[in-house]
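As a plain string of letters, each chain reads:
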Amino acid sequence: MNFFKIILLPLICSIAIFKHENLDAMLEDFLAQFKRPVTVLEITDTQQFYTFSCAERHKGVFVLLSQAEKIDSIKKKVQEYNNIVLVHPKEFSTSSLVQLASCEHFDVTLVHDWSALQKNPYILSALLGLGDYLIIEVPYGFAERYIAEDLKDKIFCREGHSFGKERIYFKNLKRSLGKARWYMTASAQARQPSYTIVSNFTEKKLVKGAHKKTSDWVPGINLVTAIMLNVVYPNNAILRANIKRFREIDHNDPVMGNMIVQGERVVLIDFADSRRNADQEQCINAALKLLTWMHRPKDPYTAMQKYSEYVHG
């Protein structure tokens, strides 16, 4: 395993191509290089996941984006963990990827058995925009046929196995966010400060605005993102229980866009923003009102419009 760890270090420019029987162990060795909590996104169509194994062994938040039809059995399994977020979007297209990349930063994105990548290999460029490292599992020959030369330069490791597939590791350090949250009006986005990300295996910081206010990155995904991707777990009851506790925390802008989902736990970010002076109770009540089965519309855009009405109503 020492050889594996050495060749995976991003400082090494050459590409390692080799075979190994225990691919899960190799993936976990890569994740073990992070000495801080990570945020990992896994995308798949099937009932086979790496999230459960990784969530047991590594600190951080693991977002499982499942396109599988049978979601109930997956949801039941996810409930055994406290650091997994399960989302089940009805549609997840290239435009969805672009939106997700604009407002979230994943340390590692793992894509396997996802039919969209096979149908449209050029979606790879959008996947690379999600964060620092992208790991895909594809049939042999995929790289040579579909990966553009400039993207091949981002490959730092390729590993193969006997089932006609290989795993390809990309490094594409992402250094900024395009916007604060998925759902924003054009005017709000125009007024927002810049968001710069400083990230490596030992630390991750967010540098905000012209004054370069620096804070530790909080692992997880924004609650607005979770809703836009049809969050299945944590369920409404867990989300509501977390949000009710925010009444005990002094925050001048406790909107959903300042709530980060970490599995069974939701935390507030962006304290003491001088641009804000929101009514704390009204913001919390608006979130609680939306997160009931009766009031939460199935369409995520409608849900966020309703929420905006509740906040300002």
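Predicted model only: the values in this text are computed from it and were never measured.

## Quick word on the environment of L151
Here L151 is to be found in helix α9 (residues 149-152). Using a relative accessible area of 11% as the deciding quantity, one classes L151 as buried. A C-alpha to C-alpha distance of 41 Å links L151 and K306, two positions 155 residues apart in sequence. Those residues in contact with L151 that lie beyond four places of it in its chain are L124, S125, L128 and F170.

## Details of the sheet that holds strand β11 (residues 204-208)
The four strands are arranged β9-β10-β11-β12 in an open sheet whose pairing can be described as antiparallel. The two strands at the open ends of the sheet, each matched to only one other strand, are β9 (176-177) and β12 (213-216). Note: β11 against β12, four bridges, orientation antiparallel. What sits directly across from K208, in β12, is K213.

## A few points about the sheet that holds strand β13 (residues 221-222)
Read across the sheet, three strands follow the order β13-β15-β16 without closing on themselves; strand pairing throughout is antiparallel. Where the open sheet ends on each side, the last strands, each with one partner, are β13 and β16 (266-268). The pairing of β13 with strand β15 (residues 259-261) spans two bridges and is antiparallel. If you follow I221 over to β15, its bridge partner there is V261.

## Some words on the nonpolar core
Within the largest apolar cluster, 63 residues are counted, with the highest numbers of intra-cluster contacts made by W114, L127, I136, L223 and M256. For this core, the element with the highest residue contribution is helix α13 (residues 280-290), accounting for six residues. The contacts of I136, once residues within four sequence positions are left out, are V111, L117, L124, F142, E166, R167, I168 and F170. Among the nonpolar cores identified, the runner-up in size contains 30 residues, and F49, F62, I84 and Y133 belong to it.

## A short note on empty space enclosed by the protein
Left-over empty space is what a probe sized like a water molecule reveals as it rolls over the atoms. The final tally for this structure, using the stated rule, is one cavity of 30 Å³ or more. Of the voids in this model, the largest cavity is the one considered here, and its volume is about 60 Å³. Contributing to the lining of the largest cavity are L27, L31, V40, E42, Y50, T51, C54, F62, V108 and L110. Broken down by secondary-structure element, the contributors of at least two residues to the lining of the largest cavity are α2 (23-31), β2 (38-44), α3 (51-57) and β5 (106-111).

Scoring rules and cut-offs
- Residues numbered from 1 in each chain as written.
- Predicted model: local features only at pLDDT ≥ 70, side-chain atom pairs only at ≥ 80, totals over all residues.
- Heavy atoms only, no water.
- Helix = DSSP H or I, 4+ residues; strand = E, 2+ residues; numbered from the N terminus.
- Buried < 20%, exposed > 50% of the residue type's maximum accessible area, 1.4 Å probe, protein only.
- Contact = heavy atoms within 4.5 Å.
- Pairing = 2+ DSSP bridges.
- Core = buried A, V, L, I, M, F, W, Y, C linked by side-chain atoms within 4.5 Å.
- 1 Å grid on protein atoms, 1.4 Å probe; cavity = no way out; pocket = protein on both sides within 12 Å on 5 of 7 lines; lining within 4 Å.
- Points joined across faces, edges and corners; volume = space filled by probe spheres on them.

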